[in-house]
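The lines below spell out each chain.
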Amino acid sequence: MTLADHANERDKIVDAAIRCFERFGPQRTSMNDIADEAGISRRTLYRQFDDRPALVAEILDRRLSELHASVVAHLATYDDIEAALIEGSLFSVEAGEADELVAEIVRHEHAGTPERFLLRVNDAIAARVLESWSAVLGRGRAQGRVRTELSDTRVVELIMTVHTVALLRDDLGRNGRRALFRDLLVASVLRQPA
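Residues numbered from 1 in each chain as written. Predicted model: local features only at pLDDT ≥ 70, side-chain atom pairs only at ≥ 80, totals over all residues. Heavy atoms only, no water.

Draft legend 1. Focus on the overall build of the protein chain. Scanning the protein chain from terminus to terminus reveals 10 helices and 0 strands. Listing the helices and strands of the protein chain from first to last along the sequence gives α-α-α-α-α-α-α-α-α-α. On C-alpha atoms alone, the protein chain measures out to a radius of gyration of 18 Å, which is about the 16 Å that the 2.2 N^0.38 rule sets for 194 residues. Projecting the C-alpha coordinates of the protein chain onto the three principal axes gives extents of approximately 60 × 40 × 25 Å. In the protein chain, of all internal contacts separated by at least 6 residues, the share reaching a separation of at least 24 is 69%. Per element, the accessible surface of the protein chain, about 10,000 Å² overall, is 50% carbon and sulfur. A distance of 2 Å separates the average location of the 26 positive side-chain charges in the protein chain from that of its 32 negative side-chain charges. (Helix = DSSP H or I, 4+ residues; strand = E, 2+ residues; numbered from the N terminus. Rg over C-alpha atoms; globule rule 2.2 N^0.38 Å. Contact = heavy atoms within 4.5 Å. Areas by Shrake-Rupley, 256 points an atom, 1.4 Å probe, with all protein chains shown as cover. Lys, Arg positive; Asp, Glu negative; His and termini not counted. Charge placed at Lys NZ, Arg CZ, Asp CG, Glu CD.)

Next comes the structure, spelled out in C-alpha cells:
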C-alpha cells in the first residue's frame, strides 16, 4: 500500500465515522458500524487506527482544523493578552460547541467519562491549538506579561484543560465562563503585578 493509499483509506474511515456519529451519535456507534459504513473489515479499520480514542482524536483534529481560521482571526483582534485569554477562550469554546459533533463527543465520548478522554493531551490537537495561540502568546511575551517559566507548550496545555472544564460545565453561562477563564487562565499564565 502506498502512502497515498494509506492516507485515502484513513480519510475514508474518518468520513464514515463522522457519518455514523452524526446518524447514530458517538455513544451508539460501534467500530463495526464504522467499518461497515466505510466498506472495509474491522481488521483494516484497526490497521489504520489502533483504537477508538485514536479515531475520535482524528475526527476532533479535523473539525478543529476547520475552526482554526476563525479562531486565529478572532484572536488577532486582541492586543491585550488578558482579553485574548478571556474573550478568545470564550469564542473558541463557543465555536466548538456550535459544531454539534464536537459538542456531542465532548459530552458523551467514553461512556460518560469525557474528561478523561479530553484531558489527555493529544499531540495533533495540541499542535493545532498552539498554532492558533502562538501569535497571542508571542505578543504577550514581548510585552512581558506571560510567566517566563511557562513554555508555550505548557500554556497550551493549560488553555486546553481550562477549555475542557468550560465545555463540561454547561451550567456556567457566558459570564461564568469568563470568570473561569479569568480565575484559572489569566491567573496561571500571566505574571501578576508586584
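From this point, the discussion proceeds with the structure in view.
Draft legend 2. Region of interest: the packing of helix α8 (residues 123–142) against helix α9 (residues 152–168). For the pair α8 and α9, the least separation of the axes is 9 Å and the interaxial angle reads 115 degrees. Classified by the angle between their axes, α8 and α9 sit roughly perpendicular to one another. When you trace α8 past α9, the crossing you get is right-handed. The residues of α9 that touch α8, namely those facing I125, A126, V129, L130, W133, L137 and R141, are D152, V155, V156, I159, M160 and H163. Considering only residue class, the contact of α8 with α9 consists of 10 nonpolar, 1 polar and 2 charged. (Axes fitted to C-alpha atoms, helices over the stretch in contact; angles between N-to-C directions. Parallel < 35°, antiparallel > 145°, perpendicular 65-115°, else oblique. Left-handed = near helix turned anticlockwise from the far one by under 90°. Nonpolar A, V, L, I, M, F, W, Y, C, P; charged D, E, K, R; others polar.)

Draft legend 3. View of the nonpolar core. Ranked by internal contacts, the top residues of the largest apolar core, which has 51 residues, are I34, L55, I59, L85 and W133. At the level of secondary structure, the elements contributing two or more residues to this core comprise α1 (3–24), α2 (31–38), α4 (52–75), α5 (81–98), α6 (100–108), α8, α9 and α10 (173–189). Not counting chain neighbours up to four residues away, the residues in contact with W133 comprise L75, A84, L85, G88, S89, S92, I159 and H163. (Core = buried A, V, L, I, M, F, W, Y, C linked by side-chain atoms within 4.5 Å. Buried < 20%, exposed > 50% of the residue type's maximum accessible area, 1.4 Å probe, protein only.)

Draft legend 4. Spotlight on the pattern of salt bridges. On inspection of all chains with the given rule, the structure shows 19 salt bridges. For E94, the salt bridge goes to R174, with nearest N and O atoms at 2.7 Å. Note that E94 is positioned in helix α5 and R174 in helix α10, a separation of 80 residues in sequence. A relative accessible area of 26% means that E94 is categorised as partly exposed. E157 serves as the salt-bridge partner of R154, at 2.9 Å between the closest nitrogen and oxygen. One end of the pair is R154 and the other is E157, both in helix α9 and 3 residues apart, which spans about a single turn. The class for R154 is partly exposed, based on a relative accessible area of 37%. A relative accessible area of 33% means that E157 is categorised as partly exposed. The network of salt bridges with common partners includes E22, R63, E66 and D99. (Salt bridge = Lys/Arg side-chain N within 4 Å of Asp/Glu carboxyl O.)

The values reported here are purely geometric and, on their own, carry no functional implication.
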